[in-house]
Amino acid sequence: MAIPCRDPARLGRSLRSWRALRRVKQSHVAELLGVTQTTVSRWESGQLAPDPDGQRAIRRLLQARLDSAADFQLARMVRHSTAAVHLVCDLTHRLLALSPARERYCRVPATDLIGTSLWPCASPGIIAAEARLSELGWFEPAAPAVELQTGANDAALIEIQDSRLRWVRFQLSDGSFVRLAETLAYGRAA
């Protein structure tokens with residue numbers, strides 16, 4: 001299942017930031033993505049929105065990796081948390097770390113899930129919240145935390161129950177973004 005992108009132009013802006021942090025030329029990015037340098041330039045300036053293939057290629061390039069010591073410590077804190085939390089790449093929803101409290105809801109060994117996109121497990125409430133992120137300022141430099149109510153899912157990998165969630169966005173040392181998802185309460189809000 002593809003992750004919907006209601007604002008593909010934001011991927012171009014993210015690509016420009018990623019490139020600037022890594023000091024990578026547009027021509028090199030074009031070569032990596034199999035497009036022209038002009039296409040990369042137009043994506044970054046917002047003159048052209050990437051097509052679905054371009055979106056997938058950009059997501060693969062920009063996906064979060066826990067490369068630095070600080071990023072590794074963030075994942076370690078998640079793995080040792082007593083709260084029901086997990087850390088995913090904000091673009092691809094690939095699982096990077098999860099707490100023992102979240103692991104209890106896994107239907108397969110947690111080690112099999114690391115590196116796997118959790119998007120296919122998304123409940124209708126999570127899909128709806130994802131669609132609203134742009135209008136909530138999620139992709140701005142000082143992104144607000146987002147709280148949402150979700151219903152249950154019927155996914156084979158991870159069970160999601162009726163619950164109240166909070167998403168917080170962090171930038172890693174390489175410029176990529178991760179999302180910390182925390183369950184605040186189980187059941188429907190009153």
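Refer to the structure printed above.
Residues numbered from 1 in each chain as written. Predicted model: local features only at pLDDT ≥ 70, side-chain atom pairs only at ≥ 80, totals over all residues. Heavy atoms only, no water.

A. Region of interest: the packing of helix H2 (residues 26–33) against helix H4 (residues 52–62). It is the contact of H2 with H4, at a shortest axis distance of 10 Å, that shows an interaxial angle of 115 degrees. Viewed along their axes, H2 and H4 adopt a mutual orientation that is roughly perpendicular. As for the relative orientation of H2 and H4, their crossing is right-handed in sense. Facing H2, whose interface residues are Val29, Leu32 and Leu33, H4 presents Ala57, Ile58 and Leu61. (Axes fitted to C-alpha atoms, helices over the stretch in contact; angles between N-to-C directions. Helix = DSSP H or I, 4+ residues; strand = E, 2+ residues; numbered from the N terminus. Parallel < 35°, antiparallel > 145°, perpendicular 65-115°, else oblique. Left-handed = near helix turned anticlockwise from the far one by under 90°. Contact = heavy atoms within 4.5 Å.)

B. A look at the environment of Ala30. The residue Ala30 is located in helix H2 in this model. You can call Ala30 buried: its relative accessible area is 3%. Placed ten residues apart in sequence, Ala30 and Val40 show a C-alpha to C-alpha distance of 6.1 Å. Setting aside residues no more than four positions away along its own chain, Ala30 makes contact with Val35, Thr36, Gln37 and Val40. (Buried < 20%, exposed > 50% of the residue type's maximum accessible area, 1.4 Å probe, protein only.)

C. How the structure looks around the pairing of strand S5 (residues 177–186). Both strand S1 (residues 85–89) and S5 contribute to a ladder of five bridges, which runs antiparallel. The partner of Cys89 across the bridge, within S5, is Val178. Relative to S5, strand S4 (residues 163–171) runs antiparallel, the two being bridged by nine bridges. Across the sheet, the residue bridging to Phe170 is Val178, located in S5. (Pairing = 2+ DSSP bridges.)

D. Inspection of the pattern of salt bridges at higher detail. Across all of its chains, the model carries eight salt bridges by this definition. The partner of Asp53 in a salt bridge is Arg56, with the nearest N and O atoms 2.3 Å apart. You can see Asp53 and its partner Arg56 sitting in helix H4, three residues apart, about one turn around the helix. One salt bridge connects Arg169 with Asp90, and the closest N-O pair in it is separated by 2.8 Å. Of the two residues, Arg169 sits in strand S4 while Asp90 sits in the loop between S1 and strand S2 (95–98), which places them 79 residues apart along the sequence. Per residue, the accessibility class of Arg169 equals that of Asp90, and both read buried. Three or more residues joined by partner-sharing salt bridges are found here, namely Asp90, Glu130, Arg169 and Arg179. (Salt bridge = Lys/Arg side-chain N within 4 Å of Asp/Glu carboxyl O.)

Remember, this is a structural readout, not a statement about activity or role.
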